[in-house]
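# Structural overview for review
For reference, the chains in residue letters:
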Amino acid sequence: MVVYKFTCSLPKWHIFLQVQDYDLLHYIKNAFINFVCTETAYITDLNNCIYINNETTGCSIKYKTEEFRTSYNYDEILFVIYEFFEKSAMQYQYNNICSFHGGVITKNGKAFALLAKSHIGKSTLIANMVTKQIKCLSDDTVYVDNTTYCVYEFPLPIRIRDFTYVNIDKSIYNIVNLKNCYTKEKEYFIVSPHMQGQCNARLNYFVFLERNNDTEVTPVSKLQCYKNLLYNYKTLQFENKKLDIAKLAETIPAINLKYNNPNNAVCLLKELFEQNIV
């Protein structure tokens, strides 16, 4: 049996993939570029394998106790795989690593964690940043070590709902169509082998995003940062992480970025990257 392992720098985290249809496999690897072939003997946990099996009227996609049955709509299958990655991220717990809902951008060893509510436009902002020589470590989950203050990569493609505010050169970045299984609406992956940055970037700022008519950057107090981090924590089991979160809020500076047009926010973040941050 040939399986594929998703490579990632997170300690003690892994997910595998088994697919019968090679055309579908090629389509999946075109979107999730970090899947690499491995031998069955190296699967350390069969429970962390996504199984895609052909059936008479479509295919079944199984992960742990959950199963989706779909038609042979590849765009829908990609969406289901992404959802399984999200569920795995929600369940991840490891020592001093805290996880938040947000994305990470990095340049020259510096990293900013962009945290926001859903539908604020975080992914749209990140998509615009990667066209400005800023690398993306993660689009939807921030993993940070509260002892080293380093962030880990979680290299899923950038998922966006429309291109209204995205200035992407489609000759450079691969655009993959998605179909949301719940809303049935069309979505997109933005994929590039050059999006992922270094795995050991140090976190320099928590950036809390807010849509507003004015564009401005304001400092965030340590107490408010702590409250915001609790609100944006990725999993529900954060009671045993409160001290770690408080330490992050005490150590890492935080700002609030208000913006309306993503282009204005991109300019402000680029300026922030150019500053001499210790």
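Everything below is about the structure printed above this text.
Residues numbered from 1 in each chain as written. Predicted model: local features only at pLDDT ≥ 70, side-chain atom pairs only at ≥ 80, totals over all residues. Heavy atoms only, no water.

### Section: the layout of surface pockets
Inclusion rule: The distinction between a cavity and a pocket rests on a 1 Å grid over the protein atoms alone: a 1.4 Å probe fits inside a cavity but cannot get out, while a pocket stays open yet meets protein on both sides within 12 Å along at least five of seven lines, and a residue with an atom within 4 Å of a point counts as lining. Grid points are joined across faces, edges and corners, and a volume is the space filled by probe spheres set on the points. The helix and strand labels rest on DSSP assignments: H or I over at least four residues marks a helix, E over at least two residues marks a strand, and numbering proceeds from the N terminus. Residues were grouped as follows: Ala, Val, Leu, Ile, Met, Phe, Trp, Tyr, Cys and Pro as nonpolar; Asp, Glu, Lys and Arg as charged; and all remaining residues, including Gly, as polar.
By volume, the largest pocket amounts to about 720 Å³. Taken together, 28 residues make up the lining of the largest pocket; nearest its centre are Ser118, His119, Lys122, Ser123 and Arg161. Examining the composition of the lining of the largest pocket, we find that four residues originate from one element, helix H2 (residues 74–91), more than from any other. Split by residue class, the lining of the largest pocket holds nine nonpolar, eight polar and eleven charged. In this model, the second largest pocket occupies a volume close to 190 Å³. Secondary structure elements with two or more residues in the lining of the second largest pocket: strand S15 (202–211) and helix H4 (222–231). If one sorts the elements of the lining of the second largest pocket by residue count, S15 sits on top with three residues. For the lining of the second largest pocket, the residue count by class is six nonpolar, three polar and two charged.

### With respect to the side chain of Thr124
Convention followed: Any pair of residues with heavy atoms lying within 4.5 Å of one another is described as a contacting pair.
Relative to the assigned elements, Thr124 resides in helix H3 (residues 122–129). Beyond its immediate chain neighbours, meaning those up to four positions away, Thr124 contacts Ile160, Tyr165, Val166 and Pro262.

### Topic: the environment of Thr164
This is how it is decided: Note on classification: 1.4 Å probe, protein chains only; a residue is buried when its accessible area is under 20% of the maximum for its type, exposed when over 50%, partly exposed between these limits.
Its location among the elements puts Thr164 in the loop between strand S12 (158–160) and strand S13 (174–179). Taking the relative accessible area as the measure of exposure, Thr164 reaches 60% and is therefore exposed. Distance in space between the C-alpha atoms of Thr164 and Cys225 is 31 Å, their sequence separation being 61 residues.

### Remarks on H2
Basically, it comes down to this: One less than the residue count of a helix, multiplied by 1.5 Å, gives the span that helix is expected to have. Here a polar contact means two N or O atoms within 3.5 Å. Within protein one must be a hydrogen donor candidate and the other an acceptor candidate, and residues neighboring in sequence count only if both atoms are side-chain atoms.
Helix length check: H2, at 18 residues, gives a terminal C-alpha distance of 26 Å against a target of 26 Å (1.5 Å per residue), a fit within 8%. Across the 18 residues of H2, 13 count as buried, placing the element largely inside the fold. If you check the start of H2, you find a side-chain oxygen 3.0 Å away from the backbone N of Asp75, and it comes from Asn73.

### Quick look at the pattern of salt bridges
Here is the rule: Salt bridges are identified by distance alone: a Lys or Arg side-chain nitrogen within 4 Å of an Asp or Glu carboxyl oxygen.
Under the criterion given, the structure shown has eleven salt bridges. In this structure, Glu86 engages Lys234 in a salt bridge whose closest nitrogen and oxygen atoms are separated by 3.3 Å. Of this pair, Glu86 sits in helix H2 while Lys234 sits in the loop between H4 and helix H5 (242–251), and the two are 148 residues apart along the sequence. In this structure, Glu86 and Lys234 share a single accessibility class: buried. Among the ionic pairs, Glu274 bridges to Lys107, the shortest N-O distance being 3.6 Å. One end of the pair, Glu274, is in helix H6 (residues 262–274); the other, Lys107, is in strand S7 (residues 97–107), and 167 residues separate them in sequence. One network of salt bridges, in which partners are shared, links Glu86, Lys122, Asp140 and Lys234.

### Remarks on the environment of Gln224
Considering the arrangement of structural elements, one finds Gln224 in helix H4. The spatial distance from the C-alpha of Gln224 to the C-alpha of Ala249 is 8.6 Å, given a sequence separation of 25 residues.

### Looking at the pairing of S15
What counts here: A pair of strands is considered paired only if DSSP assigns at least 2 bridges between the two.
Counting buried positions along S15 yields seven of ten residues, so the element is predominantly enclosed. In terms of strand pairing, strand S8 (residues 110–115) meets S15 through six bridges, oriented parallel. Pairing of Lys110 across the sheet is with Arg202, part of S15. Sheet analysis places S15 next to strand S17 (residues 254–259), joined by six bridges and oriented parallel. Each residue of the ladder has a partner; that of Phe208, found in S17, is Asn256.

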